Amino acid sequence: VGPTRRTAALGSVLSLAACSAPAQPVAGPLPPLKTIAPFPVGASVMTGQFDDPAFVALLTSQFGQVTAEWQMKMEAILRDDGGFDFRDADAIAAFAAARGMRLHGHTLIWYSQERPAFTRIDGTGKRFADAYRNYILAVAGRYRGQAVSWDVVNEPVAEDGNGYRDCIWRRNLGMDYVARAFHHAREADPRALLFLNDYHLESRPKKRATFLALAEQLLKAGAPLEGVGTQSHLLSDLPPGAVKTAMRDLASLGLPIHVSEYDCSLQVGPFGRRAREAAQVRIAAEMAEAFMSLPARQRFAFTIWGVRDKDSWLRRPPNAGDGTDAPLMFTDDGRPKPMTQAFVEGLTRG
Ligand code: 9MR
């Protein structure tokens, strides 16, 4: 029986090692993120999640701010006929208001949100410019007094950091589309803090430099740019130190910084699940330390792009890979993870 049992035991060990088990939850409780961090901690949300009591309980106990994951974008708000549909956006705003959570607006102008209401008037000059202004006034105006901030322009920098993206906004308004958006947002809401937001600013120094150059041009031209958003969709291959260097560069403008969409994917990284999880833990600690090293007035907020791993966009097609990614701070059943513990501990070391 000996060998048989040994083989069976070995077999079960191997199959355990081979299956990509979700990250182990942290043993023992952690203080809620919103009580321990000396800055607002946010999460992205979708209205469908509000019917899930476990989600709502976890969200409201851990986070003090929300961003709509997609329902305050043009794709949700702007109908093909040019009319507005604010139902989902209003539901998110009402949810936040009812629970005393801050609302961050995301996003007014994004290259990827080309909608029929605009493609129809492509190339019409003043007509296009008027519709552009009208859209921003309508959306930012609707949440005036409630949204504390807006991502006014999202992802303007080219993927490789070489200049700026081509898009319907730029083709019609020139690069001035960015400054215009900020002026219109200011007109709509005199008090919301206005952000320029982009991603891969940690992993691509060139993209970061181009992003910062745009921010500087905007400031020089008198556009009401008031904060920089670094999405921080990180991969577990990010080398040590990259986060700190990026944070220091981004802080050089003196503006508040929003880590606006943090997650850390295990789909890319060192060989093996364990090594990737270890990198994810190290990166979470570095993020906390880097954010804490900013002067308090520059720590606008730290937002995580989802709550539980199963809520992540990286678990949904077409971005799900093999379906086992675990990029967020809580397990599928709502428990904090090693990366969460590392983040909390990193807060005290910044
Ligand atoms: O996670 C978001 C996903 O649910 C939406 O379908 C998608 C399109 O609206 O946008 C995703 O969020 C993106 C964010 O708005 C901007 N930065 C990248 C995010 C992940 O793709």
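This text follows the structure it describes.
Below: a short report on this structure. (Residues numbered from 1 in each chain as written. Predicted model: local features only at pLDDT ≥ 70, side-chain atom pairs only at ≥ 80, totals over all residues. Heavy atoms only, no water.)

As for the overall build of the protein
- Each helix and strand in the protein was counted, giving 13 helices and nine strands.
- Taking 350 residues into account, the globule formula puts the C-alpha radius of gyration at 20 Å, and the protein, at 21 Å, falls close to it.
- Over its C-alpha atoms, taken along the principal directions, the protein stretches across nearly 85 × 40 × 35 Å.
- Within the protein, the proportion of its 350 residues that are buried is 53%.
- Pairs at least 24 residues apart make up 77% of the contacts formed inside the protein by residues separated by at least 6 positions.
- Computed over 41 positive and 38 negative side-chain charges, the inter-centroid distance for the protein is 3 Å. (Helix = DSSP H or I, 4+ residues; strand = E, 2+ residues; numbered from the N terminus. Rg over C-alpha atoms; globule rule 2.2 N^0.38 Å. Buried < 20%, exposed > 50% of the residue type's maximum accessible area, 1.4 Å probe, protein only. Contact = heavy atoms within 4.5 Å. Lys, Arg positive; Asp, Glu negative; His and termini not counted. Charge placed at Lys NZ, Arg CZ, Asp CG, Glu CD.)

Overview of the environment of arginine 170
- Tracing the backbone through its elements, the reader meets arginine 170 in helix 8 (residues 168-173).
- Sequence spacing of arginine 170 and proline 156 is 14 residues, and the spatial spacing of their C-alpha atoms is 9.6 Å.
- Sequence-distant contacts of arginine 170, that is, excluding residues within four places in its chain, are made with Tyr164, Arg165, Met175 and Tyr177.
- A polar atom in the side chain of arginine 170 sits 3.4 Å from the backbone oxygen of arginine 165. (Polar contact = N/O pair within 3.5 Å; in protein donor to acceptor, adjacent residues only side chain to side chain.)

Remarks on the site of the ligand
- Taken together, 14 residues lie near the ligand, and Glu69, Lys73, Glu75, His106 and Glu261 sit nearest.
- Between the ligand and glutamate 69 there is a distance of 2.5 Å, counted from an oxygen atom to a side-chain nitrogen or oxygen.
- The side chain of glutamate 155 places a nitrogen or oxygen atom 2.9 Å from a nitrogen atom of the ligand.
- For the ligand, whose unbound accessible area comes to 450 Å², protein coverage reaches 79%.
- The cavity that encloses the ligand is the largest pocket.
- Grouping the amino acids of the shell around the ligand by side-chain chemistry returns four nonpolar, four polar and six charged. (Near = heavy atom within 4 Å. Areas by Shrake-Rupley, 256 points an atom, 1.4 Å probe, with all protein chains shown as cover. 1 Å grid on protein atoms, 1.4 Å probe; cavity = no way out; pocket = protein on both sides within 12 Å on 5 of 7 lines; lining within 4 Å. Sits in = over half its atoms within 2 Å of the grid points. Nonpolar A, V, L, I, M, F, W, Y, C, P; charged D, E, K, R; others polar.)

Concerning the packing of aromatic side chains
- For the coordinates displayed, the defined rule picks out 16 aromatic pairs.
- Counting every residue linked through ring pairs, the aromatic cluster contains Phe39, Tyr262, Phe291, Phe302 and Phe343.
- Directly above the aromatic system of tyrosine 111 lies the positively charged group of arginine 165, at a separation of 4.1 Å from the ring centroid.
- Positioned above the aromatic ring of tyrosine 199 is the side chain of lysine 207, whose terminal nitrogen or guanidinium carbon lies 3.6 Å from the ring centre. (Phe/Tyr/Trp six-rings, centres within 6.5 Å; stacked < 30°, edge-to-face > 60°. Lys NZ or Arg CZ within 6 Å of the ring centre and 35° of its normal.)

Comments concerning the layout of surface pockets
- When its volume is computed, the largest pocket comes out at roughly 670 Å³.
- His233, Trp305, Trp313, Leu314 and Asn319 are, among the 28 residues lining the largest pocket, the residues nearest its centre.
- Contributing elements (two or more residues each) for the lining of the largest pocket: strand 3 (102-110), strand 7 (233-235) and strand 8 (257-265).
- Across the lining of the largest pocket, the residue classes break down as twelve nonpolar, nine polar and seven charged. (Points joined across faces, edges and corners; volume = space filled by probe spheres on them.)

What about the packing of helix 12 (residues 273-292) against helix 13 (residues 338-347)?
- Put simply, helix 12 and helix 13 touch, their axes get as near as 7 Å, and they point 25° apart. On the basis of their axis angle, the class for helix 12 and helix 13 is roughly parallel. For the element pair helix 12 and helix 13, the recorded crossing hand is right-handed. Residue-level contacts link Gln280, Val281, Ala284, Ala285, Ala288, Glu289 and Met292 of helix 12 to Pro338, Met339, Ala342, Phe343, Gly346 and Leu347 of helix 13.
- Partitioning the contact of helix 12 with helix 13 into residue classes produces ten nonpolar, two polar and one charged. (Axes fitted to C-alpha atoms, helices over the stretch in contact; angles between N-to-C directions. Parallel < 35°, antiparallel > 145°, perpendicular 65-115°, else oblique. Left-handed = near helix turned anticlockwise from the far one by under 90°.)

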